[in-house]
Amino acid sequence: MLDSVIIFRKQKFEKPVTESIITQTEREAVTKEQLKEDWLDPIVRNAIEIQVDLINLGFKIVSDDPKVSTDLAIINNNTDLEEFNDRLVRDTLIFGTSFVKLLLNKSGTKYVGLWNMDAIRTDFYRNQSGNIKLKPDGTPYAYIEQIPFGQTGKFKTMTDEQGRQGVIYTDERVVHFNFETLPGSLEGVSRLRSAHQLIRDKWVVERGIRQTSYYFTLPILKYKIGTKDRPLVSPDRIEEVANSLGTNKQISKFVMPWWEDVEILYPKEISNMSQNLEPFMEQLPSALGIPKCLLFETGKDAQKGALRQQIRIFVSRINKKRKKLVAFYNKEIFPRLASKNKWKSMPEMRFDPVTLEDIESIAERMKTYVGSGIIKPDEAKKAILTVEDII
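Cut-offs applied
- Residues numbered from 1 in each chain as written.
- Predicted model: local features only at pLDDT ≥ 70, side-chain atom pairs only at ≥ 80, totals over all residues.
- Heavy atoms only, no water.
- Helix = DSSP H or I, 4+ residues; strand = E, 2+ residues; numbered from the N terminus.
- Buried < 20%, exposed > 50% of the residue type's maximum accessible area, 1.4 Å probe, protein only.
- Contact = heavy atoms within 4.5 Å.
- Areas by Shrake-Rupley, 256 points an atom, 1.4 Å probe, with all protein chains shown as cover.
- Pairing = 2+ DSSP bridges.
- Salt bridge = Lys/Arg side-chain N within 4 Å of Asp/Glu carboxyl O.
- Axes fitted to C-alpha atoms, helices over the stretch in contact; angles between N-to-C directions.
- Parallel < 35°, antiparallel > 145°, perpendicular 65-115°, else oblique.
- Left-handed = near helix turned anticlockwise from the far one by under 90°.
- Nonpolar A, V, L, I, M, F, W, Y, C, P; charged D, E, K, R; others polar.
- Expected span 1.5 Å × (residues − 1).
- Arc of directions from axis to C-beta.
- Polar contact = N/O pair within 3.5 Å; in protein donor to acceptor, adjacent residues only side chain to side chain.

Asker: Can you help me understand the overall build of the chain in this one?
Answerer: Looking only at helices and strands, one finds 11 helices and 12 strands in the chain. Relative to its full complement of 391 residues, the chain shows a buried share of 39%. Counted over contacts in the chain with a minimum sequence separation of 6, partners at least 24 positions apart contribute 74%. Accessible surface computed for the chain: about 22700 Å², of which carbon and sulfur atoms make up 51%.

Below, the structure written as C-alpha coordinates:
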(Lines give C-alpha, C1' and ligand atoms only; values in the text may rest on other atoms or scores of the structure.)
Protein backbone atom coordinates (compact mmCIF):
# COMPACT_ATOMS: atom_id res chain seq x y z
CA MET A 1 0.00 0.00 0.00
CA LEU A 2 1.11 3.55 -0.75
CA ASP A 3 0.75 6.98 0.78
CA SER A 4 -1.00 9.86 -0.96
CA VAL A 5 -0.59 9.87 -4.78
CA ILE A 6 -1.12 12.71 -7.26
CA ILE A 7 -1.90 11.95 -10.91
CA PHE A 8 -1.60 14.62 -13.62
CA ARG A 9 -3.43 14.37 -16.94
CA LYS A 10 -2.31 16.40 -19.96
CA GLN A 11 -3.64 16.63 -23.46
CA LYS A 12 -1.95 14.26 -25.90
CA PHE A 13 1.03 15.91 -27.58
CA GLU A 14 2.17 15.08 -31.09
CA LYS A 15 5.66 13.74 -31.58
CA PRO A 16 8.07 16.67 -31.09
CA VAL A 17 9.54 18.21 -34.22
CA THR A 18 13.10 16.92 -34.12
CA GLU A 19 13.67 15.91 -37.74
CA SER A 20 16.54 17.40 -39.69
CA ILE A 21 15.17 20.39 -41.53
CA ILE A 22 16.56 19.65 -45.01
CA THR A 23 19.37 17.32 -46.04
CA GLN A 24 22.03 18.25 -48.58
CA THR A 25 20.47 15.83 -51.09
CA GLU A 26 17.07 17.48 -50.71
CA ARG A 27 18.65 20.89 -51.23
CA GLU A 28 20.06 19.79 -54.58
CA ALA A 29 16.87 18.15 -55.87
CA VAL A 30 13.85 20.43 -55.54
CA THR A 31 10.90 19.17 -57.55
CA LYS A 32 8.23 21.27 -59.26
CA GLU A 33 5.66 19.82 -56.85
CA GLN A 34 7.73 21.13 -53.94
CA LEU A 35 7.98 24.56 -55.54
CA LYS A 36 4.20 24.65 -55.88
CA GLU A 37 3.87 23.77 -52.19
CA ASP A 38 6.31 26.58 -51.36
CA TRP A 39 4.17 29.03 -53.36
CA LEU A 40 1.12 28.15 -51.22
CA ASP A 41 2.82 29.73 -48.19
CA PRO A 42 0.91 33.02 -47.58
CA ILE A 43 4.04 35.19 -47.43
CA VAL A 44 5.58 33.59 -50.51
CA ARG A 45 2.34 33.83 -52.46
CA ASN A 46 1.94 37.52 -51.68
CA ALA A 47 5.55 38.21 -52.67
CA ILE A 48 5.02 36.49 -56.02
CA GLU A 49 1.68 38.21 -56.66
CA ILE A 50 3.18 41.66 -55.98
CA GLN A 51 5.78 41.00 -58.68
CA VAL A 52 3.18 39.62 -61.11
CA ASP A 53 0.97 42.69 -60.62
CA LEU A 54 3.81 45.16 -61.11
CA ILE A 55 5.35 43.41 -64.12
CA ASN A 56 1.98 43.31 -65.89
CA LEU A 57 0.76 46.73 -64.78
CA GLY A 58 -1.22 48.19 -67.72
CA PHE A 59 -0.35 45.27 -70.02
CA LYS A 60 -1.88 45.41 -73.51
CA ILE A 61 -1.09 44.43 -77.12
CA VAL A 62 -1.95 46.99 -79.77
CA SER A 63 -1.66 47.39 -83.54
CA ASP A 64 -2.57 49.98 -86.18
CA ASP A 65 -3.12 47.25 -88.77
CA PRO A 66 -6.87 46.40 -89.06
CA LYS A 67 -6.22 42.72 -89.86
CA VAL A 68 -3.80 42.33 -86.96
CA SER A 69 -6.24 44.08 -84.62
CA THR A 70 -9.06 41.77 -85.76
CA ASP A 71 -6.95 38.65 -85.20
CA LEU A 72 -5.84 39.94 -81.78
CA ALA A 73 -9.49 40.45 -80.83
CA ILE A 74 -10.21 36.83 -81.79
CA ILE A 75 -7.20 35.61 -79.79
CA ASN A 76 -8.25 37.70 -76.79
CA ASN A 77 -11.77 36.30 -77.05
CA ASN A 78 -10.42 32.74 -76.94
CA THR A 79 -7.64 33.60 -74.51
CA ASP A 80 -8.01 36.33 -71.90
CA LEU A 81 -4.61 37.85 -72.66
CA GLU A 82 -4.37 39.66 -69.31
CA GLU A 83 -5.03 36.46 -67.39
CA PHE A 84 -2.75 34.53 -69.76
CA ASN A 85 0.11 36.95 -69.17
CA ASP A 86 -0.37 36.84 -65.38
CA ARG A 87 -0.15 33.04 -65.50
CA LEU A 88 2.90 33.22 -67.78
CA VAL A 89 4.79 35.48 -65.37
CA ARG A 90 3.59 33.61 -62.27
CA ASP A 91 4.61 30.17 -63.58
CA THR A 92 8.00 31.52 -64.64
CA LEU A 93 8.69 33.02 -61.22
CA ILE A 94 7.59 29.85 -59.43
CA PHE A 95 9.01 27.11 -61.64
CA GLY A 96 11.76 28.93 -63.55
CA THR A 97 10.31 28.04 -66.97
CA SER A 98 6.82 28.35 -68.40
CA PHE A 99 5.51 26.75 -71.57
CA VAL A 100 3.08 28.25 -74.10
CA LYS A 101 1.06 26.48 -76.78
CA LEU A 102 -0.26 28.41 -79.78
CA LEU A 103 -3.78 27.20 -80.59
CA LEU A 104 -4.84 26.55 -84.20
CA ASN A 105 -8.33 26.81 -85.65
CA LYS A 106 -10.09 23.61 -86.74
CA SER A 107 -8.70 23.79 -90.26
CA GLY A 108 -5.17 24.41 -88.99
CA THR A 109 -4.75 27.52 -91.13
CA LYS A 110 -4.24 30.20 -88.47
CA TYR A 111 -3.58 30.72 -84.80
CA VAL A 112 -6.62 31.76 -82.78
CA GLY A 113 -5.41 31.57 -79.16
CA LEU A 114 -2.62 31.09 -76.64
CA TRP A 115 -2.54 28.48 -73.88
CA ASN A 116 -0.57 28.25 -70.63
CA MET A 117 0.61 24.66 -70.48
CA ASP A 118 0.85 22.95 -67.09
CA ALA A 119 4.36 23.88 -65.92
CA ILE A 120 4.57 20.75 -63.75
CA ARG A 121 3.59 18.25 -66.42
CA THR A 122 5.40 19.97 -69.32
CA ASP A 123 9.15 19.81 -69.82
CA PHE A 124 11.90 19.91 -72.41
CA TYR A 125 12.55 16.70 -74.32
CA ARG A 126 15.58 15.20 -72.58
CA ASN A 127 18.14 12.53 -73.44
CA GLN A 128 18.94 9.50 -71.31
CA SER A 129 21.34 11.57 -69.19
CA GLY A 130 18.56 14.01 -68.33
CA ASN A 131 20.02 16.87 -70.35
CA ILE A 132 17.89 18.97 -72.69
CA LYS A 133 18.15 17.61 -76.22
CA LEU A 134 18.98 20.39 -78.67
CA LYS A 135 18.78 20.95 -82.40
CA PRO A 136 21.97 21.93 -84.29
CA ASP A 137 21.00 25.61 -83.95
CA GLY A 138 20.87 25.29 -80.14
CA THR A 139 17.08 25.44 -79.78
CA PRO A 140 15.11 22.70 -77.97
CA TYR A 141 14.65 19.52 -80.00
CA ALA A 142 11.10 19.11 -78.69
CA TYR A 143 8.83 19.46 -75.66
CA ILE A 144 6.88 16.75 -73.84
CA GLU A 145 3.56 17.17 -72.06
CA GLN A 146 2.90 14.27 -69.72
CA ILE A 147 -0.75 13.20 -69.62
CA PRO A 148 -2.51 12.49 -66.30
CA PHE A 149 -3.08 8.82 -65.48
CA GLY A 150 -6.24 7.48 -67.07
CA GLN A 151 -6.36 10.09 -69.84
CA THR A 152 -3.65 8.79 -72.14
CA GLY A 153 -6.22 7.16 -74.42
CA LYS A 154 -7.49 10.58 -75.47
CA PHE A 155 -4.14 11.65 -76.92
CA LYS A 156 -1.52 10.35 -79.30
CA THR A 157 1.29 9.74 -76.85
CA MET A 158 4.92 8.74 -77.31
CA THR A 159 7.80 7.89 -75.00
CA ASP A 160 10.91 10.02 -74.77
CA GLU A 161 14.47 8.83 -74.13
CA GLN A 162 13.88 8.95 -70.37
CA GLY A 163 10.85 6.68 -70.61
CA ARG A 164 8.33 9.43 -69.92
CA GLN A 165 5.04 9.02 -71.77
CA GLY A 166 3.21 12.01 -73.14
CA VAL A 167 2.48 14.21 -76.13
CA ILE A 168 5.70 15.26 -77.84
CA TYR A 169 5.73 18.56 -79.72
CA THR A 170 8.42 18.98 -82.37
CA ASP A 171 6.83 21.86 -84.28
CA GLU A 172 6.68 25.57 -83.54
CA ARG A 173 3.34 25.43 -81.69
CA VAL A 174 5.07 25.19 -78.31
CA VAL A 175 7.61 27.65 -76.94
CA HIS A 176 9.19 28.20 -73.52
CA PHE A 177 9.96 31.34 -71.51
CA ASN A 178 12.19 32.14 -68.55
CA PHE A 179 13.49 35.28 -66.87
CA GLU A 180 16.90 33.84 -66.03
CA THR A 181 18.71 30.61 -66.82
CA LEU A 182 21.55 28.55 -65.45
CA PRO A 183 24.88 29.44 -67.12
CA GLY A 184 25.21 27.73 -70.49
CA SER A 185 21.78 26.13 -70.24
CA LEU A 186 18.13 26.61 -71.18
CA GLU A 187 17.11 25.55 -67.67
CA GLY A 188 15.14 28.33 -66.00
CA VAL A 189 15.89 29.44 -62.44
CA SER A 190 12.91 29.51 -60.09
CA ARG A 191 12.50 32.62 -57.94
CA LEU A 192 11.61 30.24 -55.09
CA ARG A 193 14.64 27.99 -55.49
CA SER A 194 16.93 30.04 -53.26
CA ALA A 195 14.11 30.44 -50.73
CA HIS A 196 13.10 26.75 -50.65
CA GLN A 197 15.12 25.78 -47.60
CA LEU A 198 14.07 28.90 -45.69
CA ILE A 199 10.41 28.21 -46.44
CA ARG A 200 10.63 24.60 -45.27
CA ASP A 201 12.58 25.59 -42.16
CA LYS A 202 9.93 28.20 -41.36
CA TRP A 203 7.22 25.57 -41.63
CA VAL A 204 9.05 23.35 -39.13
CA VAL A 205 9.29 26.22 -36.65
CA GLU A 206 5.66 27.22 -37.21
CA ARG A 207 4.53 23.65 -36.61
CA GLY A 208 6.54 23.50 -33.40
CA ILE A 209 5.02 26.80 -32.24
CA ARG A 210 1.50 25.55 -32.94
CA GLN A 211 2.11 22.30 -31.09
CA THR A 212 3.75 24.01 -28.13
CA SER A 213 1.05 26.68 -27.89
CA TYR A 214 -1.70 24.08 -28.03
CA TYR A 215 -0.03 21.83 -25.49
CA PHE A 216 1.08 24.34 -22.89
CA THR A 217 -2.00 26.55 -22.95
CA LEU A 218 -4.42 23.74 -22.01
CA PRO A 219 -5.48 23.30 -18.37
CA ILE A 220 -4.13 20.28 -16.51
CA LEU A 221 -6.13 18.01 -14.19
CA LYS A 222 -4.53 17.30 -10.84
CA TYR A 223 -6.15 14.25 -9.18
CA LYS A 224 -5.15 13.56 -5.59
CA ILE A 225 -5.77 10.17 -4.00
CA GLY A 226 -5.41 9.89 -0.21
CA THR A 227 -5.32 12.33 2.71
CA LYS A 228 -3.53 12.53 6.02
CA ASP A 229 -6.59 10.94 7.62
CA ARG A 230 -6.62 8.13 5.06
CA PRO A 231 -3.03 7.77 3.82
CA LEU A 232 -3.22 4.23 2.45
CA VAL A 233 -3.94 4.08 -1.29
CA SER A 234 -4.81 0.95 -3.22
CA PRO A 235 -2.62 0.36 -6.31
CA ASP A 236 -5.76 -0.82 -8.11
CA ARG A 237 -7.44 2.54 -7.46
CA ILE A 238 -4.41 4.41 -8.73
CA GLU A 239 -4.48 2.37 -11.95
CA GLU A 240 -8.24 2.88 -12.30
CA VAL A 241 -7.98 6.69 -12.01
CA ALA A 242 -4.96 6.85 -14.32
CA ASN A 243 -6.74 4.82 -16.99
CA SER A 244 -9.87 6.95 -16.67
CA LEU A 245 -7.98 10.21 -17.06
CA GLY A 246 -5.93 8.83 -19.94
CA THR A 247 -8.83 7.59 -22.06
CA ASN A 248 -11.46 10.29 -21.55
CA LYS A 249 -10.72 13.43 -23.56
CA GLN A 250 -13.66 15.35 -22.11
CA ILE A 251 -14.49 14.89 -18.43
CA SER A 252 -17.31 16.97 -16.99
CA LYS A 253 -18.26 14.92 -13.90
CA PHE A 254 -16.30 13.18 -11.16
CA VAL A 255 -17.62 10.72 -8.59
CA MET A 256 -15.06 10.11 -5.85
CA PRO A 257 -14.80 9.28 -2.14
CA TRP A 258 -14.03 12.02 0.35
CA TRP A 259 -10.34 11.10 0.53
CA GLU A 260 -9.84 11.91 -3.16
CA ASP A 261 -9.81 15.34 -4.78
CA VAL A 262 -9.48 16.89 -8.25
CA GLU A 263 -8.13 20.31 -9.12
CA ILE A 264 -7.74 22.19 -12.43
CA LEU A 265 -4.34 23.81 -12.89
CA TYR A 266 -4.29 26.67 -15.39
CA PRO A 267 -0.94 27.27 -17.13
CA LYS A 268 0.97 30.47 -16.68
CA GLU A 269 1.38 32.79 -19.66
CA ILE A 270 4.12 31.53 -21.97
CA SER A 271 6.68 33.74 -23.68
CA ASN A 272 6.21 35.12 -27.18
CA MET A 273 7.35 32.19 -29.32
CA SER A 274 6.75 34.09 -32.57
CA GLN A 275 10.19 35.63 -32.04
CA ASN A 276 11.57 32.32 -33.32
CA LEU A 277 10.24 33.28 -36.77
CA GLU A 278 12.10 36.60 -36.94
CA PRO A 279 15.25 35.19 -38.65
CA PHE A 280 13.07 33.82 -41.46
CA MET A 281 11.21 37.12 -41.85
CA GLU A 282 14.58 38.85 -42.20
CA GLN A 283 15.89 36.52 -44.89
CA LEU A 284 12.77 35.57 -46.89
CA PRO A 285 12.22 38.94 -48.64
CA SER A 286 15.78 38.91 -50.00
CA ALA A 287 15.48 35.29 -51.13
CA LEU A 288 12.16 36.10 -52.84
CA GLY A 289 13.56 39.18 -54.54
CA ILE A 290 11.29 41.75 -52.92
CA PRO A 291 11.98 44.57 -50.41
CA LYS A 292 11.12 43.66 -46.86
CA CYS A 293 9.18 46.91 -46.45
CA LEU A 294 6.60 45.67 -48.99
CA LEU A 295 5.87 42.57 -46.93
CA PHE A 296 6.37 43.50 -43.28
CA GLU A 297 6.49 46.43 -40.94
CA THR A 298 9.97 47.90 -41.25
CA GLY A 299 10.52 48.97 -37.65
CA LYS A 300 11.19 52.31 -36.01
CA ASP A 301 14.89 52.37 -36.91
CA ALA A 302 14.40 51.98 -40.63
CA GLN A 303 15.67 54.93 -42.66
CA LYS A 304 13.28 56.35 -45.26
CA GLY A 305 16.17 56.88 -47.67
CA ALA A 306 17.22 53.24 -47.38
CA LEU A 307 13.64 52.11 -47.95
CA ARG A 308 13.33 54.17 -51.09
CA GLN A 309 16.65 52.85 -52.35
CA GLN A 310 15.39 49.29 -51.87
CA ILE A 311 12.27 50.13 -53.83
CA ARG A 312 14.29 51.78 -56.61
CA ILE A 313 16.34 48.62 -57.02
CA PHE A 314 13.17 46.54 -56.97
CA VAL A 315 11.52 48.72 -59.64
CA SER A 316 14.66 48.42 -61.77
CA ARG A 317 14.44 44.63 -61.55
CA ILE A 318 10.75 44.73 -62.45
CA ASN A 319 11.56 46.77 -65.55
CA LYS A 320 14.31 44.33 -66.55
CA LYS A 321 11.83 41.47 -66.33
CA ARG A 322 9.45 43.47 -68.48
CA LYS A 323 12.11 43.87 -71.15
CA LYS A 324 12.66 40.11 -71.18
CA LEU A 325 8.92 39.54 -71.45
CA VAL A 326 8.66 41.97 -74.39
CA ALA A 327 11.65 40.31 -76.06
CA PHE A 328 9.94 36.92 -75.68
CA TYR A 329 6.78 38.14 -77.41
CA ASN A 330 8.75 39.91 -80.14
CA LYS A 331 10.99 36.92 -80.83
CA GLU A 332 8.81 33.88 -80.16
CA ILE A 333 5.09 34.76 -80.14
CA PHE A 334 4.51 37.56 -82.63
CA PRO A 335 6.63 36.09 -85.47
CA ARG A 336 4.76 32.77 -85.22
CA LEU A 337 1.41 34.55 -85.28
CA ALA A 338 2.49 36.80 -88.15
CA SER A 339 3.78 33.91 -90.27
CA LYS A 340 0.74 31.69 -89.82
CA ASN A 341 -1.88 34.44 -89.91
CA LYS A 342 -0.16 36.32 -92.77
CA TRP A 343 0.31 39.61 -90.97
CA LYS A 344 2.17 42.38 -92.75
CA SER A 345 3.19 44.12 -89.54
CA MET A 346 3.94 43.21 -85.94
CA PRO A 347 1.80 44.32 -82.98
CA GLU A 348 3.30 46.19 -80.06
CA MET A 349 3.32 45.22 -76.43
CA ARG A 350 2.80 48.06 -73.95
CA PHE A 351 2.81 48.56 -70.19
CA ASP A 352 2.10 51.39 -67.84
CA PRO A 353 5.36 52.69 -66.38
CA VAL A 354 6.27 51.48 -62.90
CA THR A 355 7.56 54.23 -60.62
CA LEU A 356 8.04 54.72 -56.91
CA GLU A 357 4.56 56.18 -56.72
CA ASP A 358 3.04 53.00 -58.16
CA ILE A 359 4.09 51.13 -55.06
CA GLU A 360 1.15 52.74 -53.27
CA SER A 361 -0.96 49.99 -54.83
CA ILE A 362 0.75 47.68 -52.36
CA ALA A 363 -1.63 49.17 -49.78
CA GLU A 364 -4.27 46.88 -51.25
CA ARG A 365 -1.98 43.97 -50.55
CA MET A 366 -1.64 45.15 -46.97
CA LYS A 367 -5.38 44.52 -46.59
CA THR A 368 -4.73 40.91 -47.51
CA TYR A 369 -1.88 40.65 -45.00
CA VAL A 370 -4.04 42.10 -42.25
CA GLY A 371 -6.97 39.86 -43.15
CA SER A 372 -4.79 36.75 -43.09
CA GLY A 373 -3.20 37.70 -39.79
CA ILE A 374 0.33 38.12 -41.17
CA ILE A 375 0.54 41.64 -39.73
CA LYS A 376 -1.64 43.77 -37.49
CA PRO A 377 -3.60 46.83 -38.73
CA ASP A 378 -1.32 49.30 -36.93
CA GLU A 379 1.74 47.61 -38.44
CA ALA A 380 0.24 47.91 -41.94
CA LYS A 381 -0.42 51.61 -41.35
CA LYS A 382 3.16 52.23 -40.22
CA ALA A 383 4.60 50.35 -43.20
CA ILE A 384 2.47 52.25 -45.75
CA LEU A 385 3.22 55.66 -44.24
CA THR A 386 6.94 54.91 -44.15
CA VAL A 387 7.12 53.59 -47.73
CA GLU A 388 5.15 56.56 -49.07
CA ASP A 389 7.39 59.01 -47.17
CA ILE A 390 4.33 60.50 -45.43
CA ILE A 391 6.03 60.38 -42.05
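Having seen it, we continue.
Asker: Help me understand the sheet that holds strand β7 (residues 158-159), please; the structure alone is not making it clear to me.
Answerer: Sheet strands associate in pairs through backbone hydrogen bonding, adopting either a parallel or an antiparallel arrangement. Taken in spatial order, the four strands line up as β5-β6-β8-β7 in an open sheet, and their pairing is antiparallel. The two strands at the open ends of the sheet, each matched to only one other strand, are β5 (122-124) and β7.

Asker: Is there a simple way to think about the pattern of salt bridges in this case?
Answerer: Pairing of side chains with opposite charge becomes possible as their charged atoms draw close. Counted under the stated rule, the structure contains 20 salt bridges. A salt bridge links Lys-133 to Glu-161, with the shortest nitrogen-to-oxygen separation between them at 2.9 Å. Of this pair, Lys-133 sits in the loop between β5 and β6 (143-146) while Glu-161 sits in the loop between β7 and β8 (165-169), and the two are 28 residues apart along the sequence. Among the ionic pairs, Arg-173 bridges to Asp-171, the shortest N-O distance being 2.8 Å. Overall, the relative accessible area of 35% leaves Asp-171 in the partly exposed class.

Asker: What is the right way to read the packing of helix α3 (residues 42-55) against helix α5 (residues 81-95) from this model?
Answerer: Helix-helix packing is described using two parameters, namely the angle between the two axes and the distance between the axes. Interhelical geometry of α3 versus α5 gives an angle of 135° and a closest axis separation of 10 Å. Regarding the angle of α3 to α5, the classification is oblique. Note on packing geometry: the crossing formed by α3 with α5 is right-handed. Every residue of α5 that contacts α3 at Ile-48, Glu-49, Gln-51, Val-52 and Ile-55 is listed here: Asp-86, Val-89, Arg-90, Leu-93 and Ile-94. For the contact of α3 with α5, the class distribution of residues is six nonpolar, one polar and three charged.

Asker: What exactly am I supposed to notice about helix α4 (residues 66-78) here?
Answerer: Residues three or four positions apart in an α-helix share a direction because the helix packs 3.6 residues into each turn. Taking 1.5 Å per residue, 13 residues should reach 18 Å; α4 reaches 19 Å between its end C-alpha atoms and fits that length. Within α4, the full set of buried residues consists of Val-68, Asp-71, Leu-72 and Ile-75. Buried positions in α4, seen along its axis, are confined to an arc of 105° and lie on one side of it. In α4, the exposed residues that point more than 90 degrees away from the buried face are Pro-66 and Asn-77. For α4, the side-chain oxygen to backbone nitrogen distance between the N-cap and Lys-67 is 2.9 Å, and the N-cap itself is Asp-65.

Asker: Sorry if this is basic, but what is going on with the sheet that holds strand β3 (residues 98-104) here?
Answerer: Taken together, three strands build an open sheet; the order of strands is β4-β3-β9 and the sheet is antiparallel. On the outer flanks of this sheet lie β4 (111-116) and β9 (174-177), each paired with one strand and no other. Between one strand and the next, the sheet's axes are offset by a mean angle of 25°, whatever the strand orientation. Here four bridges tie β3 to β9, and the two strands are oriented antiparallel to one another. Of the residues in β9, the one forming a bridge with Val-100 is Val-175.

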